[in-house]
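Commentary on secondary and tertiary structure
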Amino acid sequence: MELVIEAITATLDTEGGPHDHIRSIGVVPASDAVMVGPVQVSLTLRADGLSWSVANRGDGPVRLRTVAVLLRLAGVVEPLRMFRHGYQSWSPSGVATLGVHDDPSVHANFPFVQGVYHADSRRARDGELRSEWCTVLADAGVGPGHQVVFGFEGGDQHDGTFRVRGREDGVIELRIEAFLGGAMLRPGEERKLHGVSFDLAEGTPSELLSRWAHRAGRSAGARVSAPFLVGWCSWYHFFDSVTEGDLRRNLAVADDWPFDVFQLDDGYQAAIGDWRDTNAKFPSGLDVLASDISAHGMKPGIWLAPFLAAPDSEVVRLHPEWIAHVQGESGLEPLRSWWNPAWGGGEDGFMYSLDTTNPDVLGHLEQLARDLVAAGFSYLKLDFTFAPTIDGLWADPARTPAERVRLGYDAIRRGAGEETFILGCGVPLANVVGVVDANRIGPDVAPLWALKPADEIVSGYLNVQPATRSAVSATVARSFMHRQLWLNDPDCIMLRSTVTELGPAAAEAWDRCVAVSGGLVMVSDDLESVGPDARARLDEVVAIGRVSDDEARQGVPPRSSDLMEDDVPGTLSSAHFHVVVDVDAATSTLRET
Ligand code: 9PG
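Because the structure is predicted, anything quoted here is derived from the model rather than measured.

This part takes up the sheet that holds strand E26 (residues 379-382). Read across the sheet, 8 strands follow the order E29-E28-E27-E26-E20-E17-E16-E30 without closing on themselves; strand pairing throughout is parallel. Only two strands of the sheet have a single partner each, and these edge strands are strand E29 (487-489) and strand E30 (521-523). Going from strand to strand, the sheet's axes swing by 25° on average, the running direction of each strand aside. As paired elements, strand E20 (residues 299-304) and E26 share 4 bridges and run parallel to each other. The residue bridging Ile 302 from the neighbouring strand is Leu 380, located in E26. Relative to the sheet, helix H8 (residues 401-416) contacts E26 and strand E27 (421-424), its axis offset from that of E27 by approximately 160°.

Okay, structure coming up:
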């Protein structure tokens, strides 16, 4: 496989219109600056990748959606396979074959849903495959040159996307795209773009991806030194009907369990957006709950969706100017950036986004984090944090979606302090390296193995919906990130033996997968109602997890030998453990070496 640069393109969002304006130029030499409409793109090809920047050379501001390099892949031995890395925590990752599979966004008719898959929430072209932040391309040949690992060298300034398609002229085209989401560049303004590395070395995709993750993590100051962590989370048994009584009954027996963290999830808050106040189900209030958890020797943890606000929340009522907007038919309207009927909120579950480009909002987020930490919480689970990425009108039009996410996270980190453990969730992973301690790296687990097509709640959403099989696949596919970019949170193990469709073999397969991944080990069962074997199962997951995690801490994260082989990979190895999950049969084998 040979990479030949063919063109450079830029996509401009033209004023008021939904249509893009695309211009491209011919082949460029190894190092050059070329004009693409009003913007100048400077590109330097390096032996191991490319470095680039973009400048607005026009007389007026431009809104830049993408800047891209188009490459022709020459000498491909078809079929071409692509490791597709998902955009945010819940997005699926795995291998697809060009010409066989399609992009998940083509099945979604809703920007929210398309946006769960990709930085660019606009639908992919027919036949196009997309990967976010990093990718592996492998053709059917053997030996050197038949596999390339690509990765953006950063992700906090803008997102990075790889798109592959077979053109009508038979050429396979790779588009390496810096996604700026319509950020405005002033006349004369120049921005450095994140470089892109190409790794053609021999090695397994897992190893090469972990090498990329290592470099990206180191240059972004990744926080990778938190201790191995075991915890309890209220969500997956009680969901949003959790009460203070539920929490206290579990806390009362938690001393018998090896938990470092005891985390209250969604369901305590007065409203989405009003995180300091509890609802009637939590009469004691947050300070008392945190100190009661601390008294049991655990870190109190709390969930919040800091960038979302319900239309009828106090934060929106007091500060309507803090939310992002969209141009409606009769003027500005609040930007609706998520929908969850369980949250109510006055508009049938539609939620607004706080505008993280507004300094007052950043001040609010910083103070909120400071207050939660002062109330006693030293573990914050920041959820639905893709909210600032949605296309709309934001106070500072110069910011990219990635920067909007990052600004919000940085404000929370400032308020929370260096000692607080921050877990990202529903987060565009590339945007938060260096600010989070851990990231959820897969969709929600559930007391069932796999979903049937009829279970789909919204078109195109099936493989993002809670399911253990999907969690296995994400845990395997993203194992290379653990302790290179943050600590991986694969989501809770499932200890329950009642009210579950997961049989013992399926639950064990998931246990083993979490264990060998070396990531966070969370329990989310009602501790009073789990069976007698539950504690032994947790102990085994923790014992294996610590061994895998120690190896990851020394720079060698768990690896998968079938990352490029199977649609849904299921093989994961660390120094002493090797798990193979049969994702169709919901069974596994564990080998100790
Ligand atoms: C709390 C939960 C838990 C869980 C998170 C996240 O698409 N959805 O409607 C959707 C709902 C919930 C969800 C993910 C997606 O789960 O991952 O651990 O904190 O929120 O509401």
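Attention now goes to the pattern of salt bridges. On inspection of all chains with the given rule, the structure shows 49 salt bridges. The partner of Asp 396 in a salt bridge is Arg 399, and the shortest N-O contact between them spans 3.4 Å. Taking the relative accessible area as the measure of exposure, Arg 399 reaches 29% and is therefore partly exposed. Overlapping salt bridges bring together Asp 13, Arg 65, Asp 120, Arg 122, Glu 128, Arg 130, Arg 163, Arg 175, Glu 177 and Asp 391 as one network.

Now for the domain arrangement of the protein. What the domain assignment lists for the protein is domain 1 (2-220) and domain 2 (230-308 + 359-592). On a C-alpha basis, the centroid separation for the pair domain 1 and domain 2 is 29 Å. Between domain 1 and domain 2, the contact holds 51 residues from the first and 50 residues from the second. At the boundary of domain 1 with domain 2, total buried surface from both sides reaches about 4,100 Å², with 58% on carbon and sulfur atoms. Interface area lost by domain 1 to domain 2 is led by Ser 89, Trp 90 and Trp 133, which between them contribute 19%. Between domain 1 and domain 2 we count 2 salt bridges in total. Residue Arg 191 is joined to Glu 403 by a salt bridge in which the shortest nitrogen-to-oxygen separation is 3.8 Å. Summed over the shared surface of domain 1 and domain 2, the result is 23 residue pairs in polar contact (both at pLDDT 80 or more). Listing elements by their share of the side of domain 1 that touches domain 2, those giving two or more residues are strand E6 (62-74), strand E7 (81-84), strand E8 (94-97), helix H1 (111-117), strand E10 (134-138), strand E13 (172-185) and helix H2 (205-219). The greatest single-element share of the side of domain 1 that touches domain 2, amounting to 9 residues, is contributed by H2. Looking at the side of domain 1 that touches domain 2 residue by residue, the classes come out as 24 nonpolar, 20 polar and 7 charged.

Taken together, 14 residues surround the ligand, and among them Tyr 236, Asp 265, Lys 381, Asp 444 and Tyr 461 come closest. At 2.6 Å, a side-chain N or O of Asp 444 approaches an oxygen atom of the ligand. Within the contact set of the ligand, an oxygen atom lies 2.3 Å away from a side-chain nitrogen or oxygen of Tyr 461. In isolation the ligand exposes 450 Å². Once the protein is present, 88% of that is buried.

Residue placement: Tyr 352 occurs in strand E25 (residues 350-353). Assessed through its relative accessible area of 6%, Tyr 352 is described here as buried. Between the alpha carbons of Tyr 352 and Ala 585 there is a distance of 41 Å; along the sequence they are 233 residues apart. Dropping the residues within four chain positions of it, Tyr 352 is found in contact with Phe 307, Leu 308, Ala 309, Pro 311, Val 316, Ile 323, Pro 334, Leu 335, Arg 336, Ser 337 and Glu 347. Separated by 2.5 Å, the side chains of Tyr 352 and Glu 347 make a polar contact.

The next thing to look at is the pairing of strand E17 (residues 261-264). In E17, alternate side chains face the same way, and those of Val 261 and Gln 263 on one face and Phe 262 and Leu 264 on the other are all buried. As paired elements, strand E16 (residues 230-233) and E17 share 3 bridges and run parallel to each other. Of the residues in E17, the one forming a bridge with Cys 233 is Gln 263. Note: E17 against E20, 4 bridges, orientation parallel. Bridged to Phe 262 within E20 is Pro 300.

On to the packing of aromatic side chains, then. Evaluation of the coordinates by the stated rule reveals 24 aromatic pairs. Ring centres 5.8 Å apart and planes at 75° place the aromatic pair Phe 307 and Tyr 409 in the edge-to-face group. Note that Phe 307 is positioned in the loop between E20 and strand E21 (308-309) and Tyr 409 in helix H8, a separation of 102 residues in sequence. Accessibility expressed as a relative area gives 0% for Phe 307, which makes it buried. Tyr 409 gets classed as buried once you look at its relative accessible area, which sits at 0%.

It is worth spelling out helix H11 (residues 534-553) at this point. Over its 20 residues, H11 runs 28 Å from end to end, which matches the ideal 28 Å to within 8%, given 1.5 Å per residue. Looking at H11, one finds that the buried residues are Ala 534, Arg 537, Leu 538, Val 541, Val 542, Ile 544, Gly 545, Ser 548, Asp 549, Glu 551 and Ala 552. In this structure, the buried side of H11 is in contact with E16, helix H10 (504-517), E30, strand E32 (577-582) and strand E33 (587-592). Directly after H11, the chain includes Gly 555, whose backbone phi takes a positive value near 100°.

Let's shift gears to unusual backbone geometry. Following Glu 78, the chain continues to Pro 79 via a peptide bond in cis, the omega torsion being 5°. Within the secondary structure, Pro 79 sits in the loop between E6 and E7. For Val 499, which is not a glycine, the phi torsion comes out positive at approximately 50°. When you line up the elements, Val 499 lands in the loop between E29 and H10. Taking the relative accessible area as the measure of exposure, Val 499 reaches 75% and is therefore exposed. Despite not being glycine, Ala 586 shows a phi value in the positive range, around 60°. By secondary structure assignment, the location of Ala 586 is in the loop between E32 and E33. Residue Ala 586 is classed as buried on the basis of its relative accessible area of 12%.

Each value, and the rule that gives it
Residues numbered from 1 in each chain as written. Predicted model: local features only at pLDDT ≥ 70, side-chain atom pairs only at ≥ 80, totals over all residues. Heavy atoms only, no water. Pairing = 2+ DSSP bridges. Helix = DSSP H or I, 4+ residues; strand = E, 2+ residues; numbered from the N terminus. Axes fitted to C-alpha atoms, helices over the stretch in contact; angles between N-to-C directions. Contact = heavy atoms within 4.5 Å. Salt bridge = Lys/Arg side-chain N within 4 Å of Asp/Glu carboxyl O. Buried < 20%, exposed > 50% of the residue type's maximum accessible area, 1.4 Å probe, protein only. Domains from an automatic or database assignment. Buried area = accessible area lost by both parts, 1.4 Å probe. Polar contact = N/O pair within 3.5 Å; in protein donor to acceptor, adjacent residues only side chain to side chain. Nonpolar A, V, L, I, M, F, W, Y, C, P; charged D, E, K, R; others polar. Near = heavy atom within 4 Å. Areas by Shrake-Rupley, 256 points an atom, 1.4 Å probe, with all protein chains shown as cover. Phe/Tyr/Trp six-rings, centres within 6.5 Å; stacked < 30°, edge-to-face > 60°. Expected span 1.5 Å × (residues − 1).

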